[in-house]
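# Examination of the molecular architecture
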Amino acid sequence: MSSQTSSHKPRVAVVFGGRSSEHAISVLTAGAVLRAIDREKYDVLPIGITTDGRWALTADDPDRMAITDGRLPSVAELAESAEGGVVLPVDPTNREVVYSEPGSVPKALGEVDVVFPVLHGPYGEDGTLQGLLELSGVPYVGSGVLASAVGQDKDYMKRVFASFGLPVGPYEVIRPREWEQDPAAARKKIVDFAGQHGWPLFVKPARAGSSMGISKVDDLSGLDEAIEEARSHDPKILVESLLRGREIECGVLEFEDGPRASVPAEIPPVTAHDFYDFEAKYIDSATGIVPAPLTAEQTAEIQELAVAAFEAASCEGLVRADFFLQDNGEFVINEINTLPGFTPISMYPRMWQESGVSYPELIDRLLQAALQRSTGLR
């Protein structure tokens, strides 16, 4: 930790954007987080990562980090320079962030006390950034390397949940080599799965989020196109059977005495879309029902399951856990998000708002928990 006096405000680097297909969603989240951080309590340094991986110094301007006329924002539009780069030293004794441009003397931007990563998907939410920050010795919001990696890979996430006795729906995995070496055999594996569990199927990237690359496949004719769409986001794909029931989500937040669950929310069926896809979430501004209309027993059960999922994956800080409440009354966990969206319509902050934790308080609690947590083994 860098030394802090009573007059020193912790310096927060909000890192956003990134190389994944969820780049724009991360920018939206960053805008909401920057707007909510208490500037009386924290100094803020916005750092955007472009789609090609450059760390850029960006404007601290949340208004430009929004969907405008259906157009998604990007770090490239917010960067103060088309070539300048921000460097975080991989040295636990040095928290000094440096900015450099070609042909210019590098400029010190000061020390960073904590990083708030709001990256979604690969190269940010999946343990890669968390590993860099561990090497740098800089505290950060959210889960560590293992939980972040498990939370990103839906295959291993489901394996972990099943090993802890959590209810998981039927699924099949097609690994990159399977499709590349023998697509016919891989296709047969999926068709056999459909024969056992029925159509329709959902074909999705194993390591993506925000409903990117997901297709609902009603029969064999749409399978190859769905596989290629998923593989355009991730060479490893997941195939899931349709779970008939209601989509219920629950937030988990780490308090001083351990993780607690929020009131749950329900994602109602979206009539203009086959499922809760990217457009439904972000372009059409679909909104969930908070709190979800559940019985007291159902609410208690899903809260218990959400905390159990948080603990099973060794998560820290925050998680949004997504479930299906099946027609037979049983809950099945679909996935967790270790860095859920914080956009104005995102479910995680809305669930905590309904649970008595305001948006600014939520941000503050996450930052304070990160500042008090050590890096390294813990």
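Given the structure is predicted, the values throughout are model-derived calculations rather than measurements. (Residues numbered from 1 in each chain as written. Predicted model: local features only at pLDDT ≥ 70, side-chain atom pairs only at ≥ 80, totals over all residues. Heavy atoms only, no water.)

### Remarks on the overall build of the chain
When helices and strands are counted, the chain shows 12 helices and 16 strands. The principal-axis extent of the C-alpha atoms belonging to the chain is close to 65 × 50 × 45 Å. Looking at the chain as a whole, 55% of its 378 residues are labelled buried. Across the chain, every contact between residues at least 6 apart in sequence was considered, and the portion connecting residues at least 24 apart equals 66%. Of the roughly 16100 Å² of accessible surface on the chain, a fraction of 49% belongs to carbon and sulfur atoms. Distance between charge centres in the chain, computed from 33 positive and 57 negative side chains, equals 2 Å. (Helix = DSSP H or I, 4+ residues; strand = E, 2+ residues; numbered from the N terminus. Buried < 20%, exposed > 50% of the residue type's maximum accessible area, 1.4 Å probe, protein only. Contact = heavy atoms within 4.5 Å. Areas by Shrake-Rupley, 256 points an atom, 1.4 Å probe, with all protein chains shown as cover. Lys, Arg positive; Asp, Glu negative; His and termini not counted. Charge placed at Lys NZ, Arg CZ, Asp CG, Glu CD.)

### Looking at helix α8 (residues 223–231)
For α8, the set of buried residues is L223, A226, I227 and A230. For α8, the buried positions fall inside an angular range of 100° around the axis, keeping them on one side. Buried residues in α8 make contact with α6 (176–181), α7 (183–197), β9 (201–205), β10 (215–217) and β11 (237–241). (Arc of directions from axis to C-beta.)

### Digging into empty space enclosed by the protein
Take a probe with the size of a water molecule and roll it over the atoms, and the empty space left behind shows itself. With the rule as written, the count across this model stands at three cavities of 30 Å³ or more. One number sums up the size of the largest cavity: a volume of about 80 Å³. Together, E22, G121, E125, G151, Q152, K154, M157, A208, G209, E335, I336 and N337 line the largest cavity. Secondary structure elements with two or more residues in the lining of the largest cavity: α4 (145–152), α5 (154–163) and β16 (331–337). The element contributing the most residues to the lining of the largest cavity is β16, with three residues. Within the lining of the largest cavity, the residues separate by chemical class into three nonpolar, five polar and four charged. (1 Å grid on protein atoms, 1.4 Å probe; cavity = no way out; pocket = protein on both sides within 12 Å on 5 of 7 lines; lining within 4 Å. Points joined across faces, edges and corners; volume = space filled by probe spheres on them. Nonpolar A, V, L, I, M, F, W, Y, C, P; charged D, E, K, R; others polar.)

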